[in-house]
Amino acid sequence: MSNREEPAEARRHQASLARNTRAVSLGRGPGGHDAPVNPPLVFSSTFHGTAEISAQDYGYGRFGNPTWDPFEETLASLEDAEPPALTFASGLAAMHAVLALLPPGGIVVAARHSYQGSLSLLQTAQDRGELVVRTVDILNTEEVRAALVGADMLWIESPTNPMLEVADLDVLFAAMKAENSEALCVCDNTFATPILQRPLNHGADIVVHSVSKFLSGHSDVILGAAVTRSPEMRARLWGIRSLTGAVPGPMEVWLALRGMRTLALRVERSCANALEIARRLQGDPRTGTVRYPGLPDDPGYAVASRQMDGYGAIVCVELPTAEQAERVCEEVRIFTPATSLGGVESLIERRRRHAAEPATVPAGLLRLSIGIEDIDDLWADLSAAIELATTPSR
Ligand SMILES: *Cc1c(COP(=O)(O)O)cnc(C)c1O
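Okay, so let's go over this structure.

Conventions adopted
Residues numbered from 1 in each chain as written. Predicted model: local features only at pLDDT ≥ 70, side-chain atom pairs only at ≥ 80, totals over all residues. Heavy atoms only, no water. Helix = DSSP H or I, 4+ residues; strand = E, 2+ residues; numbered from the N terminus. Rg over C-alpha atoms; globule rule 2.2 N^0.38 Å. Buried < 20%, exposed > 50% of the residue type's maximum accessible area, 1.4 Å probe, protein only. Areas by Shrake-Rupley, 256 points an atom, 1.4 Å probe, with all protein chains shown as cover. Lys, Arg positive; Asp, Glu negative; His and termini not counted. Charge placed at Lys NZ, Arg CZ, Asp CG, Glu CD. Pairing = 2+ DSSP bridges. Contact = heavy atoms within 4.5 Å. Axes fitted to C-alpha atoms, helices over the stretch in contact; angles between N-to-C directions. Core = buried A, V, L, I, M, F, W, Y, C linked by side-chain atoms within 4.5 Å. Phe/Tyr/Trp six-rings, centres within 6.5 Å; stacked < 30°, edge-to-face > 60°. Lys NZ or Arg CZ within 6 Å of the ring centre and 35° of its normal. Salt bridge = Lys/Arg side-chain N within 4 Å of Asp/Glu carboxyl O. Parallel < 35°, antiparallel > 145°, perpendicular 65-115°, else oblique. Left-handed = near helix turned anticlockwise from the far one by under 90°. Nonpolar A, V, L, I, M, F, W, Y, C, P; charged D, E, K, R; others polar.

Some points on the overall build of the protein
Inference 1: A tally of regular secondary structure across the protein gives 14 helices and 12 strands.
Inference 2: For 394 residues, the compact-globule estimate of 2.2 N^0.38 gives 21 Å, and the C-alpha radius of gyration of the protein, at 21 Å, lies within 12% of that figure.
Inference 3: Projected onto its principal axes, the C-alpha positions of the protein cover 80 × 55 × 35 Å.
Inference 4: Counting every position in the protein, which comprises 394 residues, the buried fraction comes to 55%.
Inference 5: If you sum the accessible surface of the protein, you get close to 16800 Å²; carbon and sulfur atoms cover 54% of it.
Inference 6: Side chains of the protein carry 35 positive and 49 negative charges; the gap between the two charge centres is 1 Å.

Some words on the sheet that holds strand β12 (residues 365-369)
Inference 1: Here five strands make up an open sheet; going across it, the order is β8-β9-β12-β11-β10 and the pairing mixed. The sheet terminates laterally at β8 (290-291) and β10 (336-337), the two strands that pair on one side only.
Inference 2: The sheet contact formed by β8 and strand β9 (residues 314-318) spans two bridges and is antiparallel. Bridging from a neighbouring strand, Arg 291 pairs with Cys 316 of β9.
Inference 3: Across the sheet, helix α11 (residues 263-282) is in contact with β8, β9 and β12; its angle to β9 comes to roughly 15°.

With respect to the nonpolar core
Inference 1: Ranked by size, the top nonpolar core spans 62 residues in total, and within it Phe 71, Leu 75, Leu 154, Phe 173, Val 227, Met 260 and Leu 263 carry the most contacts.
Inference 2: Residues contacting Phe 71, with those up to four places away along its chain left out, are Thr 87, Val 211, Leu 223, Ala 225, Val 253, Ala 256, Leu 257 and Met 260.
Inference 3: Counting residues in hydrophobic clusters, the runner-up holds 28 residues, among them Ala 97, Val 98, Val 186 and Ile 206.

A short note on the packing of aromatic side chains
Inference 1: Within the structure shown, the criterion is met by four aromatic pairs.
Inference 2: Where Tyr 60 meets Phe 63, the ring centres are 6.1 Å apart and the plane angle is 70°; that geometry is what we call edge-to-face.
Inference 3: Judged by its relative accessible area of 40%, Tyr 60 is partly exposed.
Inference 4: When the centroid spacing of 5.7 Å and the interplanar angle of 15° are considered together, the rings of Tyr 301 and Tyr 311 count as stacked. With Tyr 301 in helix α12 (residues 301-307) and Tyr 311 in the loop between α12 and β9, this pair connects stretches of sequence that are 10 residues apart.
Inference 5: For Tyr 301, a relative accessible area of 28% corresponds to the partly exposed category.
Inference 6: On the accessibility criterion, Tyr 311 (22% relative accessible area) is partly exposed.
Inference 7: Every member of this aromatic cluster is reached through a ring pair, and the members are Tyr 60, Phe 63 and Trp 238.
Inference 8: If you follow Lys 213 out to its NZ or CZ, it ends over the ring of Tyr 115, 5.0 Å from the centre.
Inference 9: Just above the ring of Phe 88 sits the side chain of Arg 241; from NZ or CZ to the centre is 6.0 Å.

Some words on the pattern of salt bridges
Inference 1: Scanning all chains against the criterion turns up 23 salt bridges.
Inference 2: With its nearest N and O atoms 3.6 Å apart, the salt bridge here joins Asp 137 to Arg 112. Taken together, the residues Asp 137 in the loop between β3 (131-136) and α6 (141-147) and Arg 112 in the loop between β2 (106-111) and α5 (116-127) connect sequence positions 25 residues apart.
Inference 3: Judged by relative accessible area, which is 17%, Asp 137 ranks as buried.
Inference 4: With a closest N to O distance of 3.5 Å, Asp 376 and Arg 280 form a salt bridge. Taken together, the residues span a long stretch of sequence, with Asp 376 in helix α14 (residues 375-390) and Arg 280 in helix α11 at a distance of 96 residues.
Inference 5: One salt-bridge network, in which partners are shared between bridges, spans Glu 349, Arg 351, Arg 353, Glu 357 and Arg 367.

With respect to the packing of helix α13 (residues 322-331) against α14
Inference 1: Between α13 and α14, the least distance of the axes is 8 Å, while the angle of their chain directions is 135°. The angle between the axes of α13 and α14 places the two elements in the oblique class. Considering the relative orientation of α13 and α14, their crossing is right-handed. Here Gln 324, Arg 327, Val 328 and Glu 331 of α13 come into contact with α14, specifically with Leu 382, Ala 385, Ile 386, Leu 388, Ala 389 and Thr 390.
Inference 2: Considering only residue class, the contact of α13 with α14 consists of six nonpolar, two polar and two charged.

Quick look at the environment of Val 108
Inference 1: By the element assignment, Val 108 lies in strand β2.
Inference 2: The spacing of Val 108 and Leu 148 is 40 residues in sequence and 8.5 Å in space, taken between C-alpha atoms.
Inference 3: Ignoring any residue separated from it by four or fewer positions in sequence, one finds Val 108 in contact with Leu 99, Leu 102, Leu 122, Leu 131, Val 132, Val 133, Arg 134, Met 153 and Trp 155.

Here's the deal with unusual backbone geometry
Inference 1: The amide bond that connects Ser 158 to the next residue, Pro 159, takes the cis arrangement and shows omega of -10°.
Inference 2: Within the fold, Pro 159 resides in the loop between β4 (153-157) and α7 (169-179).
Inference 3: Residue Pro 162 follows Asn 161 across a cis peptide bond; omega there is 0°.
Inference 4: Along the chain, Pro 162 turns up in the loop between β4 and α7.
Inference 5: One non-glycine residue, Leu 164, adopts positive backbone phi at about 60°.
Inference 6: A relative accessible area of 4% places Leu 164 in the buried class.
Inference 7: Unusually for a residue other than glycine, Thr 193 sits at a positive phi of about 65°.
Inference 8: Along the chain, Thr 193 turns up in helix α8 (residues 193-196).
Inference 9: For Thr 193, a relative accessible area of 1% puts it in the buried group.

In structure tokens form, the structure reads like this:
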């Protein structure tokens, strides 16, 4: 939807820059004397025009908004895609649009531990007879292969939420294409972010994001995005977005781009904090299984080391009972007991408090979204809460 055609030389220069530089410097406009350093925030539902409207025009606010362009350009570059990303009203709106690419009755293979909202959306579509859903253990390649027979889409989230299973993207997407070269390979890259993982380089056709999480980074917007290298696929998704009206307000997109300026720094600090928290929890006799793909004895460690540039900011730990896990959430003072993840502030949640969470997620499992606070403050807070939750009262 951009009216600005970047010269080829400028594109080449941008592509040569490091990802953390691109996160800061793309989407700032052409500059010039007294031009704003940041892109303008445009509140307009309609745009001047007389002659025939083309797909390049904004025209009307359901088709495009100039505030979306710099965000869509920057996110695409971070994911190593050329055509701009497409921003949506939420992560699930982006997922819904991607599912709408399927033929009626299309078969979707998805990770059984995908984000619970994604699973509910798939289940609802199946209940309405629109799609057929096959959920699989993405760590079991043979099980996935068997499910791919006749499938139209492989939907992978990696690492998964909240079990932190790491899918081998190269192997699984190649298996999907070998089974059906027309099938769509989709990756929900919310947990990893493009700083740590670029699924388009591992065979994905489409990457989707809940921008509400790490990309915006401050727990202040609900927003989604889809990214693809195929201009045809982008045009189809643009058409679905325009017709279903799953469009974001300009304010959300502006905030998300502002948040993305610090994405690389935030992810770096959060990953370092998360690794340290995971190590300390692992050696802690008061808690049970610790899940974090950055721990060398974690089942996801080998694949994550090959496929990712870091291990992420989410750590899961099990308390012996659901009551003890709840007590930890009540006693923390720096961690905030809340759902969601990916903000500068650390959050903690017992996932099974959601009735729809799969029963294969342990009842005492706590999901920690590690923020950018001081590591010793975080550990002291968590450790004191665990102490209160696990010491028998006298
Ligand atoms: C939150 C989340 C979503 C849904 O995104 P919304 O922006 O809340 O609609 C999808 N996938 C994952 C992995 C998430 O964490």
